[in-house]
Amino acid sequence: MEESANQTASARIVEMRRGPRNNYTSANALRAALPAVLDVPQAARLLGIGRTLAYELVRTDQWPTPVIRVGRLIKIPCEPLIELMSTGYPTNTAAR
């Protein structure tokens, strides 16, 4: 069940990256299509980078948006990620 939910979220991400199909801005469409937080591989796909590079950036504290760590669990909030994609600049609201 979780695998199909991840595939559905990934399909929505790919669809949103192609551009909006209605009168929403692409950032608003992404906000509507994505959950509040993503895991590292999902965030990497959204940015168009590899999973290994994404984990390396998180490990070395070079990931451009806030990172939420709870034990070994790593989550990336969507709002700063969408802001980064739409403006090209990361937000400084650190959740590290």
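Above this text you will find the structure in question.
In this text, all values refer to a predicted model and were calculated from it rather than measured experimentally. (Residues numbered from 1 in each chain as written. Predicted model: local features only at pLDDT ≥ 70, side-chain atom pairs only at ≥ 80, totals over all residues. Heavy atoms only, no water.)

**Q** Any details on the pairing of strand E3 (residues 73-77)? Residues and values, ideally.
**A** Across 3 bridges, strand E1 (residues 37-39) lies against E3 in antiparallel orientation. From the neighbouring strand, Asp-39 faces E3, where its bridge partner is Lys-75. Examined bridge by bridge, strand E2 (residues 68-70) and E3 share 3 bridges and lie antiparallel to one another. Note that in E3 the partner of Val-70 across the bridge is Leu-73. As consecutive antiparallel partners, E2 and E3 are separated by 2 residues, and within that stretch Gly-71 has a phi angle of approximately 65 degrees, a positive value. (Pairing = 2+ DSSP bridges. Helix = DSSP H or I, 4+ residues; strand = E, 2+ residues; numbered from the N terminus.)

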